[in-house]
Amino acid sequence: MSDDIILSVEHLMMHFGGIKALSDVNLKVKRNSIFALIGPNGAGKTTVFNCLTGFYRATAGNIHLNAKGGEVNVLRLLGGPFEGPDFVSPSRFASRVYYKMFGGTHLVNRAGMARTFQNIRLFKEMSVVENLLVAQHMWVNRNLLAGIFNTKGYRKAEGSALDTAFYWLEVVDLVDSANRLAGELSYGQQRRLEIARAMCTRPQIICLDEPAAGLNPQETEALSGMIRHLRDHHDMTVVLIEHDMGMVMSISDDIVVLDHGNVIAAGKPEAIRNDPKVIAAYLGADEEEVA
Amino acid sequence: MATSTPIDFKKVAIDVVVAALMALIVFGPIVGVVLDGYSFNLQPSRVAWMVLAVMVGRGVLSVFLQTPRGAAMLHGLESGGAGVHVRQPDYKSRLRWIIPLLIVVALVFPVFASKYLLVVVIGGLIYVLLGLGLNIVVGLAGLLDLGYVAFYAIGAYGLALGYQYLGLGFWSAIPLAAIAAALAGCILGFPVLRMHGDYLAIVTLGFGEIIRLVLNNWLDFTGGPNGVPVPSPTFLGLEFGRRAKDGGVPIHEFFGFEYNANAKFIFLYAVLFLIVLLVLYVKHRLTRMPVGRAWEALREDEIACRAMGLNHVLVKLSAFTLGASTAGIAGVFFASYQGFVNPTSFTFFESALILAIVVLGGMGSTVGVVIAAFVLSTAPELLRSFADYRVLLFGMLMVLMMIWRPRGLIRVSRTGVALRKGVAP
Amino acid sequence: MMDGIFLQQMINGLTLGSVYGLIAIGYTMVYGIIGMINFAHGDVYMVSCYLAAIGLAVLSYFGLESFPFLILGTLIFTIVVTAVYGLVIERVAYKPLRNSTRLAPLISAIGISLILQNYVQIAQGSRQQGVPTLLEGGWRFDFAKGFVQISFTKLFIIIAAFVGMAVLTYIIKYTKLGRMCRATQQDRKMASILGINTDRVISYVFIIGAAMAALAGVLVTMNYGTFDFYAGFIIGIKAFTAAVLGGIGSLPGAMLGGLILGVAESQFSGLVNSDYKDVFSFGLLVLILIFRPQGLLGRPLVTKV
């Protein structure tokens, strides 16, 4: 895998019982780009996201993430079932057992991939700042004794975590709401807070699941600016699912179109806009939306 | 209070009649027909009183809910208003005056207390410890542990059996009991905490009962229902008895003061009080530490936590183990002050009592748990005649608290932070 | 290895297992529909044991002697009253908590469990209660390595349990009520949009669960004769184990899980040690949760993100 591809997905397949949600999805995401995943409702976009971020263990295929100076196989982190070779090589067996015991979704995040959710999932009864501090769990001083005795090193780590939290609050324009409960914020603010929270985990790639859903045009405009800001000033790669075609076409560097669990088109916004297969998939609804 | 709409008495009447009918069916057979061998005795008057009570209660409730205030309350219950708020960054609690005062009271208390009062207060403090431990598990991390008493038993039997087989004393038992209980918590919690949260409740429920069964049935090792004697605690090798037993020196001879029969209890009280203070402080810190925040975040939304890189199993396990080790320490004190342990002290009712403490006192604060622990553990001492109804009252307390104030389990006020501006370039 | 003890424990196990299965239905249906462990269910069963004994005592007092009428009368009485218990408990303790936190209904259920235990203890006294043997006799099979006894009571229990399960399966599969239950289980919000009164369906589920527990209560009272106010606790945990073993949310699973658990437990207490049979069942619960949390017939759990 060349170094400018941060995420590569090969032959991804996901079955739920008898239902084939994804049949064969292939995609490559370039480092430091904005990548959009679009498609009609039920095409399997969120399923792809859930596979990428480790919430579902894909039935078959490969997901390679090349971030934070290392390459990881997402499926391995999730501790899949034992396979033949595991019983031959003791080290493979040990790593399988290790990931079965301690592996899981959280390792995907630690490998450098953060995400937001289609239906916002904030810690509603915690304050806005606390939401951002929880996200920095891996970056603060978690030593119990240091925390109980409130040592200098601990205070320093907490202080810098607060700095990071307020930095991102400033980016998403929520500083004045820092001491409010996350659940009290307006819808648009909650969306922005979720992005800030994901960024606090210090990822290199962030997956946004319908970030513009329910936002008004001004808010969408501001969001587009923020996403570009992430790419241009924070070296981020952004993967997004979005139904707002205006926004997708204006900010994306690459687009992949999904329908019925298959990739039906991939390319630059211009090419996608004129692809007959994509227009067919959207069944005429494209005229207004893609325009 | 002026009512905007008149009360619909027809509806009230229907409610009352339905409730009476239900009460008659429910209470009639069980309360009215008392089994006596293969025969029975009729007790119709009891049924009549209960049905009457239900009718009056339902009638009052029905009328109340039709008043504007009642309707507002019903609405509040249904929408589940959070009532959580964030404190101002410069907020100062009144507790900073009350706590030193309480410490002073606690320090002079043993000088004046009788033995009976000492014993009651030690019992109360043990429940404070248990309540605080379970509050970490249930209140902060949102894990329902119904076999909490098992860890308490591990602590108590740890001291008793440790003395019998290994010659352990009070002081070495405290850390060892904490470690043993934590280990048990780990072994039980690790596989189960990976599952859906509710399974933990039933597994711990079973675990509590299993520990009791093993203690009861393993006659050779635990003495079964007869229990095990527990040694008196010592302080720097000094004993609290009138005469030395294990070749040590009694403390009154060593220091040359008059023998005091309360000495053992004063000593236990002092050590227990220090430990409770320590645990209170640790808990106060924990809620402001990364791990405490992670527990609460997990309680709010596990899926989001996993997406933030938190290992939900280990974070939950840390809460579960910490709670278990607190119970282990409480068990050591319980065993020392009883001088004897047997399995009847570790039934499910004990777990339920501790849960009731957390539910009643949870109110978001540690203070609530401390007060609830004292109230619930000493109330039976004060109201002996209510002893039979104790469990019934706990049960009602749990149901009513859940309906009236389910958020009692959540920290109601959260710490605010000073705003930092200009961090971003 | 077909010796007497093994076969005898097999029969005891099937008897016990069909009782577990009946109680497990209450757990599995409630869990399936509102995703909550109804801790009070074991105690509802305990109440039904008392009701069965009371029903038998009252009916025989009025001179009902013949077994079929006596048992039929007791069954109807117990099932109806226990079902009302299920309904009242649901209305008072669970329904107000439908939109509450995840822990609230669980704690409320524990509260109800305590209330029922203490209430029965106060009303009926703490001592063990019992009923006389109703159905005398049985078959005895002798063979080289021992003998097997099948009492008519046991036979009656197994048959009655299977009839009860068959009726329930019919209701769930073919009636309108059953369709509503299944729809609500699949997607409560959608079901209510389609005009199903989901609150009422949930009440029905509690009624059905309680009725099945009542059937179990009558049968157990007939077979073992004695019970006390604490009887629901351990059997509740075991029935829940059976529900998990079969796959929580699945009706045939509850029945299968009950039978397997009953047989396994009986064999364990016959062949190994009867003091630790409860420990064995509990160990089984933990093992199932580790290695096959979805149970035998359950669907794999997929977290909705």
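Criteria and cut-off values
- Residues numbered from 1 in each chain as written.
- Chains lettered and ligands numbered in written order.
- Predicted model: local features only at pLDDT ≥ 70, side-chain atom pairs only at ≥ 80, totals over all residues.
- UniProt positions renumbered as here; feature names shortened; annotations may be inferred.
- Helix = DSSP H or I, 4+ residues; strand = E, 2+ residues; numbered from the N terminus.
- Rg over C-alpha atoms; globule rule 2.2 N^0.38 Å.
- Buried ≥ 20, exposed ≤ 12 C-beta atoms within 10 Å, placed from the backbone.
- Contact = placed C-beta atoms within 7 Å.
- Pairing = 2+ DSSP bridges.
- Nonpolar A, V, L, I, M, F, W, Y, C, P; charged D, E, K, R; others polar.
- Axes fitted to C-alpha atoms, helices over the stretch in contact; angles between N-to-C directions.
- Parallel < 35°, antiparallel > 145°, perpendicular 65-115°, else oblique.
- Core = buried A, V, L, I, M, F, W, Y, C linked by C-beta atoms within 7 Å.
- Domains from an automatic or database assignment.
- pLDDT = per-residue confidence, 0-100.
- Expected span 1.5 Å × (residues − 1).
- Left-handed = near helix turned anticlockwise from the far one by under 90°.

An unreviewed UniProt entry lists chain A under the name ATP-binding cassette domain-containing protein, with Pseudomonas typographi as the source organism. A UniProt comment under Sequence similarities (unreviewed entry) is attached to chain A, and it reads "Belongs to the ABC transporter superfamily."

**Student:** Got a minute to help me understand the overall build of chain A in this structure?
**Tutor:** A count of helices and strands for chain A gives 13 helices and ten strands. Radius of gyration (C-alpha) of chain A: 20 Å, near the 19 Å computed for a compact globule of 291 residues. The proportion of buried residues among the 291 residues of chain A is 46%. Put simply, of all contacts in chain A between residues at least 6 apart along the chain, 66% involve residues at least 24 apart.

**Student:** Sorry if this is basic, but what is going on with the overall build of chain C here?
**Tutor:** Helix and strand counts for chain C come out as eleven helices and four strands. Relative to the compact-globule value of 19 Å for 305 residues, chain C shows a C-alpha radius of gyration of 19 Å, a close match. In terms of its C-alpha atoms, chain C occupies a principal-axis envelope of roughly 65 × 50 × 40 Å. Burial analysis of chain C (305 residues in total) assigns 52% to the buried set.

**Student:** Explanation requested: the pairing of strand β7 (residues 205–209) of chain A in the structure shown.
**Tutor:** Consecutive side chains of a regular strand alternate in pointing toward one face of the sheet and then the other. Residues and elements named next belong to chain A. Burial within β7 is extensive, with five of its five residues counted as buried. Burial along β7 is two-sided: the residues Ile205, Cys207 and Asp209 and Ile206 and Leu208 are all buried. Across five bridges, the pairing between β7 and strand β8 (residues 237–241) is parallel. Looking at β8, one finds that Ile205 is bridged to Thr237.

**Student:** Can you walk me through the environment of C:Leu251 in this structure?
**Tutor:** Within the fold, C:Leu251 resides in helix α10 (residues 251–271). Counting along the chain gives 88 residues from C:Leu251 to C:Val163, while the straight-line C-alpha distance between them is 14 Å.

**Student:** Sorry if this is basic, but what is going on with unusual backbone geometry here?
**Tutor:** Note: most residues except glycine have negative phi, and most peptide bonds are trans. Residues and elements named next belong to chain A. In the Ramachandran plot, His11 falls in the positive-phi region, its phi being about 50° despite a non-glycine side chain. As for its position among the elements, His11 is in strand β1 (residues 5–16). Phi angles above zero are rare outside glycine, and His260 is one such case at about 50°.

**Student:** When you look at the interface of chain B and chain C in this model, what are you seeing that I'm missing?
**Tutor:** By a frequent convention, interface size equals the accessible area lost on bringing the separate parts together. Listed as interface residues are 51 residues of chain B and, on the opposing side, 55 residues of chain C. Elements that contribute at least two residues to the side of chain B that touches chain C include exactly α1 (9–32), β1 (33–36), β2 (39–42), α3 (68–79), α7 (170–193), α8 (197–217), α15 (348–361) and α17 (390–404) of chain B. In terms of residue class, the side of chain B that touches chain C is made up of 40 nonpolar, seven polar and four charged.

**Student:** Would you mind showing me how to read the pairing of strand β10 (residues 262–267) of chain A here?
**Tutor:** Residue and element names in this part refer to chain A. Alignment of strand β9 (residues 254–259) against β10, held across five bridges, turns out to be antiparallel. Across the sheet, Ile255 pairs through a bridge with Gly267, a residue of β10. Counting the residues that bridge the hairpin from β9 to β10 gives two residues, and of these His260 lies at a positive phi of roughly 50°.

**Student:** Mind showing me how you'd approach the packing of helix α5 (residues 115–140) of chain B against α15(B) here?
**Tutor:** Two quantities define a packed helix pair, namely the angle between the helix axes and the distance between the axes. Residues and elements named next belong to chain B. Remark: α5 packs on α15, axes separated minimally by 9 Å, with the N-to-C direction vectors making an angle of 70°. Between α5 and α15, the angle falls in the class roughly perpendicular. Touching Tyr127, Leu130, Gly131, Leu134, Asn135, Val138 and Gly139 of α5 are Ile354, Leu355, Ile357, Val358 and Gly361, all from α15.

**Student:** Would you mind going over the nonpolar core with me for this structure?
**Tutor:** Across soluble globular proteins, you tend to see nonpolar side chains buried next to one another. Ranked by internal contacts, the top residues of the largest apolar core, which has 312 residues, are A:Ala196, B:Tyr152 and B:Ile357. No other element matches helix α8 (residues 198–224) of chain C, which puts 17 residues into this core. Lining this core are residues from two domains, each supplying at least three of them: domain 1 (9–64) and domain 2 (102–236 + 269–410) of chain B. Excluding residues that lie within four positions of it along the chain, A:Ala196 makes contacts with A:Leu132, A:Trp168, A:Leu169, A:Val171, A:Val172 and A:Leu174.

**Student:** Explain the environment of A:Gln136 to me, please; I cannot follow it from the model alone.
**Tutor:** All names here are of chain A. In this structure, Gln136 sits in the loop between α5 (128–135) and α6 (144–148). Here the alpha-carbon distance between Gln136 and Met199, two residues 63 residues apart in the chain, equals 9.3 Å. Residues contacting Gln136, with those up to four places away along its chain left out, are Ala161, Thr164 and Cys200.

**Student:** What exactly am I supposed to notice about the confidence of the model for chain A here?
**Tutor:** Regions with low pLDDT carry predicted coordinates that are not meant to be interpreted in detail. Predicted confidence across chain A gives a mean pLDDT of 85, with 96% of residues reaching 70 or more. Contacts from residues 286–291 of chain A, a stretch scored under 50 in pLDDT, to residues over four places away or in other chains number five contacts.

**Student:** What exactly am I supposed to notice about helix α16 (residues 366–382) of chain B here?
**Tutor:** What sets the pattern is the α-helix's 3.6 residues per turn: residues three or four places apart point alike. Residue and element names in this part refer to chain B. Between the first and last C-alpha of α16 there are 24 Å, a value that for 17 residues agrees with the 24 Å anticipated at 1.5 Å per step. Every buried residue of α16 is accounted for by Thr366, Gly368, Val369, Val370, Ala372, Ala373, Phe374, Leu376 and Ser377. Where α16 is buried, its residues touch α5, α11 (263–286) and α15.

**Student:** Help me out: how do you make sense of the environment of B:Leu322 in this one?
**Tutor:** All names here are of chain B. Summarising the element assignment, Leu322 is placed in helix α14 (residues 312–338). Exposure remark for Leu322: the 23 C-beta atoms within 10 Å place this residue in the buried category. C-alpha of Leu322 to C-alpha of Leu134: the two residues are 188 residues apart in sequence and 9.2 Å apart in space.

**Student:** Sorry if this is basic, but what is going on with the packing of helix α7 (residues 152–171) of chain A against helix α8 (residues 187–200) of chain A here?
**Tutor:** Residues and elements named next belong to chain A. At a minimum axis distance of 9 Å, the contact between α7 and α8 shows a crossing angle of 145°. In this structure, α7 crosses over α8, and the sense of that crossing is right-handed. Residues Thr164, Ala165, Trp168, Leu169 and Val171 of α7 pack against Ala196, Met199 and Cys200 of α8. Of the residues that constitute the contact of α7 with α8, the class distribution is seven nonpolar, one polar and no charged.

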